Amino acid sequence: MRYPALLLSLRLDPRPGMALAVFFALGVAGGAHAQTVQTEAVQAEGAQTQPLQTDPFKSFPSISAPPKMPKLNSFSPVIPSEAAKGPTTRDVRLEALLKDKGGAVEQGLTWRVFSPIPGSDGKLPLVATSQGGSAAFQLVPGEYFVNVAFGRAGATRKIRVAETGAFERQVLVLDAGGVTLNAVSGADVRIPQGELSFSIFSFDVKEDGERALVVADVKPNTVVRLNTGTYHVVSNYGSVNAVIRADIQVEAGKLTEATIQHRAAKLTLKLVAEPGGEAIADTAWSILTSSGDVVSESVGAFPTLVLAEGDYSAVARNNEKIYQRDFTVTAGVNADVEVLLSNTAAQPGAQSASVAPANAQD
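Note that the coordinates shown come from a computational prediction; the quantities given were computed from them, not determined experimentally.

On to the overall build of the protein chain, then. Along its length, the protein chain carries 1 helix and 24 strands. For the protein chain, the proportion of contacts with a sequence separation of at least 24, taken over those separated by at least 6, is 63%. For the protein chain, the accessible area works out to roughly 18,100 Å², and carbon and sulfur atoms hold 50% of it.

This is how it looks when you write it as structure tokens:
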């Protein structure tokens, strides 16, 4: 079942210091010019607007940074003793844009230069690499493949370095943006970050009905840099059945903030002798849906779990006796589910009641 997501798109001008109504400074590039930017918000039914963060690429952790590689600003296979006989290197300057006619990105880039001739292992040899913003390499004349990565976004171009003549600065357009993800339970109940995780998939469905995984286990408020396009996001609240799916649009030069609305709640199970009594230890629990499917099993005096909105039965086993209670989960209403020792499964008409806050009477 799909629920709407709130999408908040911000223009990412790579020059910091931009004046918004909330003075939102972007950290994807350097520069000293200020520019007024309009914000665009699309609010879906049942979703809630989240406050904007300042400097998203700086204030949020990023899980999309590429692995560290040696910083080789230049490399040439010329033997040192024969360097005087080798060809003269040329100055090659590279820069990347988030979108066509945008400003140069000045941080968060990883540049890699490859030889077009495969090595003995069948892979293209890495000639040089650099991290940061715009890059400059000293390369011997010849052909190369240049790749620039911005998180999960990237672009590749083949260049030819001539022995003579002017060599213009090479500009690669990433056609990329960013997205941050968060979620609430019910209308506006905040979910602890440690209980949330997101996975981002491609929008297209393969022949086997599956989608290609782009990035897994994304934490809330993490900037993920992606090529433009539509992505399928799966949000998990807890580890049982509270799962929501949404489609997110990533636009070039913009940071999209998406808040997904979960229809779920956190519950604590207790087997007690009387309402509000002490939880009995060494109790085995099974949670069944209204159709009889088991969705969770645990052992403990008061296990906690997150369940999607709906009707369930709690079955407690203690000292070879079985106790049962039917209950209803309401989105955003975190509560205790107390099962009384008088609610034995053998009794007809086992008690049925909605989940209520802790210490409520059955």
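A few words now on the environment of S235. Tracing the backbone shows S235 in strand β15 (residues 229-237). Relative accessible area serves as the criterion here: at 0%, S235 is assigned to the buried category. Between the C-alpha atoms of S235 and D217, which are 18 residues apart in sequence, the distance is 9.5 Å. Beyond its immediate sequence surroundings of up to four residues, S235 is in contact with A183, L196, S197, F198, A242, V243, I244, I260 and H262.

With that settled, consider the environment of Q170. Along the chain, Q170 turns up in strand β9 (residues 170-173). In sequence terms Q170 and A135 are 35 residues apart; their C-alpha atoms lie 10.0 Å from each other. Contacts of Q170, omitting those with residues within four sequence positions, involve R93, L94, E95, R157 and I159. Reaching out from Q170, the side chain makes a polar contact with the side chain of R157 at a distance of 3.3 Å.

Turning next to the sheet that holds strand β18 (residues 264-272). Strand order in this open sheet of 3 strands is β21-β18-β24, and the pairing throughout is mixed. Because the sheet does not close on itself, it has two edges, and the strands there are β21 (304-308) and β24 (335-340). Averaged over all adjacent pairs, the angle separating strand axes in this sheet is 40°, with direction ignored. Pairing between β18 and β24: 6 bridges, direction parallel. Among the inter-strand pairings, L271 is bridged to a residue of β24, identified as V339.

This brings us to the nonpolar core. Of all hydrophobic cores here, the largest spans 26 residues; its most connected members are L109, W111, V113, F137, Y144, V148 and L174. Within the residue set of this core, elements represented by two or more residues are β3 (90-97), β4 (109-114), β5 (126-132), β6 (135-139), β7 (142-150) and β8 (153-161). With sequence-adjacent residues up to four places away left out, L174 is seen in contact with A96, L97, L98, L109, V148, F150, G154, A155 and N227. Membership of the second largest hydrophobic core comes to 23 residues, among which are I191, L226, V233 and Y237.

A positive phi angle, near 55°, is found at D217, a position not held by glycine. Assignment of secondary structure puts D217 in strand β13 (residues 211-218).

Let us now look at the side chain of T256. Following the sequence through the fold, T256 ends up in strand β17 (residues 254-262). Using a relative accessible area of 1% as the deciding quantity, one classes T256 as buried. In this structure the side chain of T256 is engaged in a polar contact, spanning 3.4 Å, whose partner is the backbone oxygen of Q249.

With that settled, the discussion passes to the sheet that holds β13. Taken in spatial order, the 4 strands line up as β13-β12-β15-β16 in an open sheet, and their pairing is antiparallel. Unpaired on one side and paired on the other, β13 and β16 (242-250) mark the two borders of the sheet. Across the sheet, the mean angle from the axis of one strand to that of its neighbour is 25°, orientation sign disregarded. Both strand β12 (residues 196-205) and β13 contribute to a ladder of 4 bridges, which runs antiparallel. Bridge assignment links F198 to a residue of β13, and that residue is V218.

A few words on the pairing of β9. Side chains of β9 alternate between two faces, with Q170 and L172 buried and V171 and V173 left unburied. Judged from the 4 bridges that link them, β3 and β9 form a sheet pairing that is parallel. Of the residues in β9, the one forming a bridge with A96 is L172.

Next up on the list: the pattern of salt bridges. Counting across every chain of the model gives 8 salt bridges. Close ionic contact of E95 with R169 constitutes a salt bridge, the shortest N to O distance being 3.5 Å. Here E95, found in strand β3, pairs with R169, found in the loop between β8 and β9; they are 74 residues apart in sequence, far enough to count as distant. For E95, a relative accessible area of 17% gives the class buried. The class for R169 is partly exposed, based on a relative accessible area of 44%. When the shortest N-O distance is used, the salt bridge between K219 and D217 registers 3.2 Å. Overall, D217 belongs to the partly exposed group, its relative accessible area being 46%.

What counts and what doesn't
Residues numbered from 1 in each chain as written. Predicted model: local features only at pLDDT ≥ 70, side-chain atom pairs only at ≥ 80, totals over all residues. Heavy atoms only, no water. Helix = DSSP H or I, 4+ residues; strand = E, 2+ residues; numbered from the N terminus. Contact = heavy atoms within 4.5 Å. Areas by Shrake-Rupley, 256 points an atom, 1.4 Å probe, with all protein chains shown as cover. Buried < 20%, exposed > 50% of the residue type's maximum accessible area, 1.4 Å probe, protein only. Polar contact = N/O pair within 3.5 Å; in protein donor to acceptor, adjacent residues only side chain to side chain. Pairing = 2+ DSSP bridges. Axes fitted to C-alpha atoms, helices over the stretch in contact; angles between N-to-C directions. Core = buried A, V, L, I, M, F, W, Y, C linked by side-chain atoms within 4.5 Å. Salt bridge = Lys/Arg side-chain N within 4 Å of Asp/Glu carboxyl O.

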